[in-house]
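Next come the chains, spelled out residue by residue.
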Amino acid sequence: PVGEACVPLVESGMELVADCVPELASILAYPLEETCASDKAKAFVEDGLGDVARYVVAAHESGELGKAIEESTMKAWIKAAGKEMDRKGKRLFMPLRIVLTGSMQG
């Protein structure tokens, strides 16, 4: 994903590293604190976003999340996570999105 996001930088003819800094900053940004403080995220924060974050961190630490990414089995991992956390639909997908990307969109 990061490589794909960088392709436009090369295609646009950027020649100096300094020319790429603003674009790379937006690609690598993880605005979790800002997102969680927003009015749009308030309902998700109040509905146990921290629990979802702890689940994702535990899955990362155990290697389960990395394995799902490497083996392209994220769909199955998300389904299992939803069952384990008793979440589905927007209550599952938006908190996962916030935790994994730091953002509610994009």
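Everything quoted here is computed from the prediction, not taken from an experiment.

Enquirer: Go over the overall build of the chain, please, and point to the residues and values.
Expert: A tally of regular secondary structure across the chain gives 8 helices and 0 strands. Its helices and strands in sequence order give the chain the pattern α-α-α-α-α-α-α-α, from N to C terminus. For 106 residues, the compact-globule formula gives about 13 Å, and the C-alpha radius of gyration of the chain, at 16 Å, lies well above that figure. Here the chain holds 106 residues, and the buried ones make up 25% of them. Here the chain displays about 7,600 Å² of accessible surface, and carbon together with sulfur accounts for 58% of that area. Seen as two clouds, the 12 positive and the 17 negative side-chain charges of the chain have centres 13 Å apart.

What counts and how
Residues numbered from 1 in each chain as written. Predicted model: local features only at pLDDT ≥ 70, side-chain atom pairs only at ≥ 80, totals over all residues. Heavy atoms only, no water. Helix = DSSP H or I, 4+ residues; strand = E, 2+ residues; numbered from the N terminus. Rg over C-alpha atoms; globule rule 2.2 N^0.38 Å. Buried < 20%, exposed > 50% of the residue type's maximum accessible area, 1.4 Å probe, protein only. Areas by Shrake-Rupley, 256 points an atom, 1.4 Å probe, with all protein chains shown as cover. Lys, Arg positive; Asp, Glu negative; His and termini not counted. Charge placed at Lys NZ, Arg CZ, Asp CG, Glu CD.

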